[in-house]
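Understanding the architecture of this molecule
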Amino acid sequence: MSSLGPAEEIDEAKERAHFQAVVNAFKYYKLCSLDRIHKSEKIISTLPQSHQRRLDKYKTYLTKFKKCLDVNNAVVHMIIKDVDTMFENVDHSMADAANSNGTNTESFGCNYNNCEITSQKQHKMQHDVEKVQSVLKNIVRDWSEDGAAEREQCYKPILDEIEARFPPDEYSNRAHVKVLVPGAGLGRLAWEIAARGYTCQGNEFSLFMLFASNFILNRCPEANAHTVHPWVHQYVNHATCEHQLRAAAFPDAPPAAPRAAAARRARFSIAAGDFLKVYTEPDEWNCVATCFFIDCAPNVIEFIERIYAILRPGGYWVNLGPLLYHYSDMPTENSIEPPYDILLEIITDVGFEILKERTGVKTKYAQNPNSMMQHEYDSVFFVCRKPYL
Ligand SMILES: C[S@@+](CC[C@H](N)C(=O)[O-])C[C@H]1O[C@@H](n2cnc3c(N)ncnc32)[C@H](O)[C@@H]1O
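Let us look at the structure shown here. (Residues numbered from 1 in each chain as written. Predicted model: local features only at pLDDT ≥ 70, side-chain atom pairs only at ≥ 80, totals over all residues.)

**Here we look at the sheet that holds strand β6 (residues 285-291)**
Which entries qualify depends on this criterion: In this description, strands pair whenever DSSP reports at least two bridges between them. Elements are defined by DSSP. Helices are runs of H or I of four residues or more, strands are runs of E of two residues or more, and each kind is numbered from the N terminus. Between the N-to-C directions of two axes lies an angle of 0 to 180 degrees, each axis being a line fitted to C-alpha atoms and, for a helix, fitted only over the stretch in contact. Once C-beta atoms have been placed from the backbone, residue pairs whose C-beta atoms lie within 7 Å are recorded as contacts.
Within the open sheet, the seven strands sit side by side as β5-β2-β1-β6-β7-β9-β8. Their pairing is mixed. Each edge of the open sheet is held by one strand with a lone partner, namely β5 (268-272) and β8 (353-363). The sheet shows a mean angle of 15 degrees between the axes of neighbouring strands, direction not considered. Sheet analysis places strand β1 (residues 178-182) next to strand β2 (residues 199-204), joined by five bridges and oriented parallel. Residue pairing across strands places Val-179 opposite Cys-200, the latter belonging to β2. Contacting β1, β2, β5 and β6, helix α9 (residues 188-195) crosses the sheet at an angle of about 170 degrees to β2.

**Brief notes about the pairing of β1**
Our working rule: Residues are called buried when their C-beta atom has 20 or more other C-beta atoms within 10 Å, exposed when it has 12 or fewer, and partly exposed otherwise; all C-beta atoms are positioned from the backbone. By the criterion used throughout, a crossover qualifies as right-handed when its path from the first strand across the helix to the second strand runs clockwise, the strands pointing away from the viewer.
Most of β1 sits out of view: four of its five residues are buried. Taken together, β1, α9 and β2 constitute a β-α-β crossover, and its handedness is right-handed. Looking at chain direction, β1 and β6 are connected through two bridges and run parallel. Of the residues in β6, the one forming a bridge with Leu-180 is Val-288.

**Let's talk about the site of the ligand**
This is how the line gets drawn: As a rule, any residue with its backbone-derived C-beta atom within 6 Å of a molecule or strand is reported as near that molecule or strand. Three residue categories are used. Nonpolar comprises Ala, Val, Leu, Ile, Met, Phe, Trp, Tyr, Cys and Pro, charged comprises Asp, Glu, Lys and Arg, and polar comprises the others, including Gly.
By nearness alone, 18 residues border the ligand, and Gly-183, Gly-185, Ser-206, Phe-275 and Cys-296 come closest of all. Broken down by class, the residue content of the shell around the ligand amounts to eleven nonpolar, four polar and three charged.

So yeah, pure geometry; function would need other evidence.
Here's what the structure looks like:
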């Protein structure tokens, strides 16, 4: 018999339903992605014969794109293989029953012509599948050779700063230095920090990211044993069809390799959950490292105050990223979007000393290096200290 109250039971039911919706998005990745190719094929079939003939070569590439989806789908299924028991051995396979819509997995279909579900549900599934597609791009950013340039821009300044603030002559045992990386994504930055000898915990609340990082961090012992085609879902701004097919092998550095394993694993962990809910213990961390994270809050002040609270006196906050303010365009969210000059005043007002600050730091996020369109951020990089009282 359940010992939970009604409110907790509802929360738990919602959590289970969300868990199952994310699993379903991975399961329906191929079907939904295939629909986009079928759409192109259908359009071509309605064109005049002369146009169809001129697109013959492109049609052969559409067939090759389907093979790429098969390759991606194999990875996507490996990612969700053991997720039912990922968190505290909770079995989420009954989650469908908890879904108040009574939706079972069989009812999802993304076929544009043979749609069995309401357009609202279809839209939600499409949106979730896009998140799976973006996980594939994040795999490239964090765990492939192709992501090395982005990591050099985004992670290296943070890693260099941590090594400079906690130098070997003062910190002979780096394992005593505790570093937290909130919004850890697929975990590469946190893993690199642990690889340098520090004790590091990544924190992440997206199940899409957590499922994928669980696979890479725990079940990929061999370098570059897997392949994804991350740009196959991008239909615009390609110079050649081959660019759309381009494959990336991962993981370039195998986190679960036995040789790397024991010591580093002891110092490295990922904690699932909302940063503001998981980290409430004051004065715990020597360093908090944030990369493309602080703009993920509806109210950035809450993040700044919490980082301040959980740092030990004398501890450092190292940050790099833009101010994209992810909740800004969401009608249902109360988002505030202070620009950088105001943000600096808030950071000082909270109590931090600003030790270093750089603007215009060229950074990219999960960009296709061959695309005709490139998003580049002029990010800010800063280092703050919580003073000794
Ligand atoms: C833009 S991504 C950056 C990921 C990684 N740091 C990188 O640079 O590749 C931001 C990440 O923060 C996570 N995130 C956002 N708000 C969070 C919160 N309140 N608690 C934990 N993670 C959060 C998101 O799920 C996402 O994976």
